[in-house]
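What the coordinates show
Here are the chains, one letter per residue:
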Amino acid sequence: ATVTQDGTLSLDPTSGPGDNGTVASLAVHSVTPSGFTGDVSVAGPGAAHPGRITVADAAPTGVYEVTIRATDDCGATTDATLELRVPTAPTVAGESVTREQGAVAATSRIATVDDGETAAGALVVTATPPAGITISDVTNDAGEISADVAADCTAATGNHSVPIEVTDSDGYTASDVVTVEVVANAAPTLSYDDASVFVGDSIAIDPATGPSDHGVVAAVALHDVTPSGFSGAIDVAGPAAATPGRVAVTDSGPAGTYGVTVRATDDCGATTDASFTVTVDAAPDAGGPYELEEGQDLELDSSGPDGARVTWDLDDDGTFSDAEGTSPTVSWADLVSLGLDDGPLVAPIEARFEDAPSGAPAASAESTVTIANAAPTVGVETPEEALVSRPVTVELGFDDPSPVDDAASASYRVEWGDGTTDDFTGGGSATRSHTYSETGTYDVEVRATDKDGGASEVVSRSLEVVSAMVVDVPCGDGVMVHVVGSSDDDDVRVVGRGPGEAKVVLGGETLGSFSGVALVTIEAGGGDDVVESARLSPPMVVFGDAGDDRIVGSDAADTLVGGGGADEIAGDRGRDLVIAGQGRDLLDGGRAQDVLAAGPSVWDAPTDANMTALCRLQLEWTSRATRTVRIEHLEGTRPGGLNGDALVVVDGAARTMLDDASRDAVTGGPAPDWLLVNRAGPGTRDSFGVSGADVVDDL
């Protein structure tokens, strides 16, 4: 039997007491173990209920063996035992938990239970919460009682006592309270980092934190955008979306900084406003397309995020190191170094924008640069004066801003002003020569065209073509008057008025009076010409050219060349060099030591080279050396002469003095001369007179 602690129990026998005779007595024989403090009695044979056991004030708890002895009238006994259990009532100790209004139910330990007989995990626990508080899913884990506890949005803040009861297997119960502290609902959590986007672009901005709540986030929505004027769209993903709170910004614009506020609301109505900035930066723009000509600087002009670092790739090598800045100027020299040096061309360029203070992502923008071909500039250098019938040389050159064009050939056109045109192809510098047949003023016009067809402006130079002008002597120092006659019969007279002075008269017209001259050179030209001088101190060099000419030298050491035709050539007081030229000529050396050649030479034509050679011959002939040494120098048999490589050779393949197969008459003077004549044949022999001191070489 079972009796609660301090409880009372009446228990009748399951059989008896009975006997074939008489049951004499019924008595409590023993209660073991000792220590039972309650009262155990049994009703005797004469009682209304013989053998009924009464237990009162049962204690302490435990299991006891109670023995009742029945004795009959003959003294025989029977011991009847029963197990008396005094069980322990279960215990329960409620605990305290805290819940936020509206928060999602959370599992907490709410109590502990125990029992002396029933396993703690087998005890049954029930809770009876008040309105606004829910306790569900109560579980017993070996005496630790847990449950899902929640306070709804209407629950009053403060402590709430929730009754709790535990029942053991014997049906005994115990009770206590669980204290639920309800605290005020907290607003949801939501925040964003600042973001940036380019004008016209889109961006998705995910929350930095949240949206989250101890309860349920009921709504997430756009609350405000300031300042007004944002022309794009801003949408916020709600709580049920795949990415709750994601802010989608599309068609951003116009440029500026905008404050965006997103509001999160929980199931109790509490709100959190998450504010952040969206900077709409100007879209990266490399500017352009750019256009320039060869030689011009490239002025770049980009736009993009404020404060961004802008670097440029101008040579399409993928490296942004060719220029830096929003609007840099790239010099033509730098463009050339980057290979942008030869128009016409169209080249891609690209600008990179990075490190913007707004946090805008690095981005690039492309453009193009078109470089047009630029025409070259042409340079022309002409002398102020030129001699008629003599080649005049002009120096030409072109300068093109493109080094490629500059290194290539250009097409030149030279219009000489006398109706003739010279078209040719040349490099950056060229020389051209032209001979004018008549005196006058001519405009020399030059144009250069580069390989790409760019034509320069026409450059014009005025050139005065004259019959007499001062030029450098062909050898040595000083200047000379150079006179050129015509192809007609000319009368040339040169009159001296003092040392280094010469007045030149051609056909009765004074060509000029010249001073400080060391030489007078006359090209008589074709026709039967007369060349004479009077009181002239500078020596003369005369080229008679074709025609029957009459040439009379000066008092100085002259060089007189008859040229073709029957010429009369007379030297005078100086050491003259007289060359008859082709034809039947009369040569008279005059009073000084002269060289008289009865025939042509290789120097008869009035070229610059021939003038230089004759000048060197004359320098040696008028030197202070003896006549013998001078002749040896001129013949090349003795080194060291002033004549250099200009030699008088009368025979062999290298001869410079020739026989003209005409009978020339050669007359020397009182001084010993050097005669070069045909005196022994073959061919027509010359007529000549010889003094004992003359040297005669046979042509």
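Please refer to the structure higher up on the page.
**Describing the overall build of the protein**
- The secondary structure content of the protein amounts to four helices and 56 strands.
- A compact globule built from 699 residues should have a C-alpha radius of gyration of about 27 Å, whereas the protein, at 69 Å, is more than 25% larger.
- When its C-alpha atoms are laid out on the principal axes, the protein stretches across 220 × 60 × 40 Å.
- For the protein, buried positions account for 43% of its 699 residues.
- Put simply, of all contacts in the protein between residues at least 6 apart along the chain, 54% involve residues at least 24 apart.
- Here the protein has roughly 31600 Å² of accessible surface; of this, 47% comes from carbon and sulfur atoms.
- Between the averaged position of the 33 positive side-chain charges in the protein and that of its 116 negative side-chain charges there is a distance of 25 Å.

**Some thoughts on the pattern of salt bridges**
- Enumeration according to the criterion identifies 22 salt bridges in this entry.
- For Asp452, the salt bridge identified is with Lys451, shortest N-O distance 3.1 Å.
- As a salt-bridge pair, Asp645 and Arg616 come within 3.3 Å of each other at their nearest N and O atoms. Of the two residues, Asp645 is situated in the loop between helix 4 (627-635) and strand 53 (665-667) and Arg616 in helix 3 (residues 608-621); the sequence distance between them amounts to 29 residues.
- By relative accessible area, which is 64% here, Asp645 ends up exposed.
- Judged by relative accessible area, which is 32%, Arg616 ranks as partly exposed.

**Quick notes on the state of the cysteines**
- If you walk through the whole model with that rule in mind, you get two disulfides.
- There is a disulfide in this structure between Cys475 and Cys615, and the S-S distance comes to 1.8 Å. Measuring the twist about the S-S bond at about -80°, one finds the Cys475-Cys615 disulfide to be left-handed. Here Cys475 is found in the loop between strand 39 (468-472) and strand 40 (479-484), whereas its partner Cys615 is found in helix 3, with 140 residues between them in sequence. Accessibility classification places Cys475 together with Cys615 in one group, the buried group.
- Sequence-ordered numbering of the bonded cysteines in the protein yields a pairing of 1-2, 3-4.

**Looking at the pairing of strand 22 (residues 256-266)**
- Relative to strand 22, strand 19 (residues 217-226) runs antiparallel, the two sharing eight bridges. Bridge pairing in strand 22 places Thr226 opposite Gly259.
- Here strand 22 pairs with strand 23 (residues 271-281) via 10 bridges, running antiparallel. Its bridge partner lying in strand 23, Gly259 is registered against Thr277.

**Quick word on helix 4**
- Among the residues of helix 4, those classed as buried are Arg627, Val629, Arg630, Ile631, His633 and Leu634.
- In this structure, the buried side of helix 4 is in contact with helix 3, strand 54 (674-677) and strand 56 (695-698).
- Trailing helix 4 by a residue or two, Gly636 shows a phi angle of about 85°, which is positive.

**Points about the sheet that holds strand 27 (residues 323-324)**
- Ordered by their spatial adjacency, five strands build an open sheet running 24-30-29-26-27, and the pairing between neighbours is mixed. The sheet is open, and its two edges are formed by strand 24 (290-293) and strand 27, each paired on a single side.
- Strand direction decides the pairing type here: strand 26 (residues 309-313) and strand 29 (residues 345-354), joined by five bridges, are antiparallel. Looking across to strand 29, one finds that Asp313 is bridged to Glu350.

**Some remarks on the sheet that holds strand 3 (residues 39-42)**
- Strand order in the open sheet made by the three strands is 1-4-3, with antiparallel pairing throughout. One side of each edge strand has no neighbouring strand; the edge strands of this open sheet are strand 1 (9-11) and strand 3. Neighbour to neighbour, the strand axes of the sheet diverge by 15° on average, direction disregarded.
- Pairing geometry for strand 3 and strand 4 (residues 53-56), over four bridges, is antiparallel. Looking at the pairing, Asp39 lines up with Ala56 of strand 4.

**A few points about the side chain of Ser252**
- Relative to the elements of secondary structure, Ser252 occurs in the loop between strand 21 (247-250) and strand 22.
- The class of Ser252 is buried, set by a relative accessible area of 3%.
- Dropping the residues within four chain positions of it, Ser252 is found in contact with Val197, Phe198, Val199, Gly200, Asp201, Phe230 and Val280.

**A word on the nonpolar core**
- In this structure, Ile522 and Val531 are the most contacted members of the largest nonpolar core, which totals 29 residues.
- Only strand 40, strand 41 (491-495), strand 42 (502-506), strand 44 (519-523), strand 46 (540-543) and strand 54 provide two or more residues apiece to this core.
- Considering each element in turn, this core owes the most residues, three residues, to strand 42.
- In this view, Ile522 contacts Val483, Val492, Val494, Val531, Met540, Val541, Val542 and Phe543; residues no more than four positions away in its chain are not counted.

**Some remarks on the side chain of Asp673**
- Considering the arrangement of structural elements, one finds Asp673 in the loop between strand 53 and strand 54.
- At 6.7 Å, Arg627 is the nearest oppositely charged side chain to Asp673, a buried residue that forms no salt bridge.
- Engagement of the side chain of Asp673 in a polar contact is seen with the backbone nitrogen of Gly669, the distance being 2.9 Å.
- Here Asp673 is in contact with Ala592, Gln593, Asp594, Arg627, Gly668, Ala693, Asp694 and Val695, once residues within four sequence places are set aside.

**Structural notes on the packing of aromatic side chains**
- Inspection of every chain in the model, using the stated rule, returns seven aromatic pairs.
- Ring geometry for Tyr192 versus Phe276: centroids 4.7 Å apart, planes at 35°, classification tilted. With a gap of 84 residues between them, Tyr192 in the loop between strand 15 (189-191) and strand 16 (195-198) and Phe276 in strand 23 connect regions that are remote in the sequence.
- Among the residues examined, Phe276 registers a relative accessible area of 3% and is labelled buried.
- Geometrically, the ring pair formed by Phe230 and Tyr258 is edge-to-face, given 5.0 Å between the ring centres and 75° between the ring planes. Residue Phe230 is located in the loop between strand 19 and strand 20 (233-236), and its partner Tyr258 is located in strand 22; the two are separated by 28 residues in the primary sequence.
- Among the aromatic residues, those joined into a ring-pair cluster are Phe398, Tyr412 and Phe424.
- For Arg432, the ring lying beneath its charged end belongs to Phe424, and the centroid distance is 3.9 Å.

Cut-offs applied
- Residues numbered from 1 in each chain as written.
- Predicted model: local features only at pLDDT ≥ 70, side-chain atom pairs only at ≥ 80, totals over all residues.
- Heavy atoms only, no water.
- Helix = DSSP H or I, 4+ residues; strand = E, 2+ residues; numbered from the N terminus.
- Rg over C-alpha atoms; globule rule 2.2 N^0.38 Å.
- Buried < 20%, exposed > 50% of the residue type's maximum accessible area, 1.4 Å probe, protein only.
- Contact = heavy atoms within 4.5 Å.
- Areas by Shrake-Rupley, 256 points an atom, 1.4 Å probe, with all protein chains shown as cover.
- Lys, Arg positive; Asp, Glu negative; His and termini not counted.
- Charge placed at Lys NZ, Arg CZ, Asp CG, Glu CD.
- Salt bridge = Lys/Arg side-chain N within 4 Å of Asp/Glu carboxyl O.
- Disulfide = S-S within 2.5 Å.
- Pairing = 2+ DSSP bridges.
- Axes fitted to C-alpha atoms, helices over the stretch in contact; angles between N-to-C directions.
- Core = buried A, V, L, I, M, F, W, Y, C linked by side-chain atoms within 4.5 Å.
- Polar contact = N/O pair within 3.5 Å; in protein donor to acceptor, adjacent residues only side chain to side chain.
- Phe/Tyr/Trp six-rings, centres within 6.5 Å; stacked < 30°, edge-to-face > 60°.
- Lys NZ or Arg CZ within 6 Å of the ring centre and 35° of its normal.

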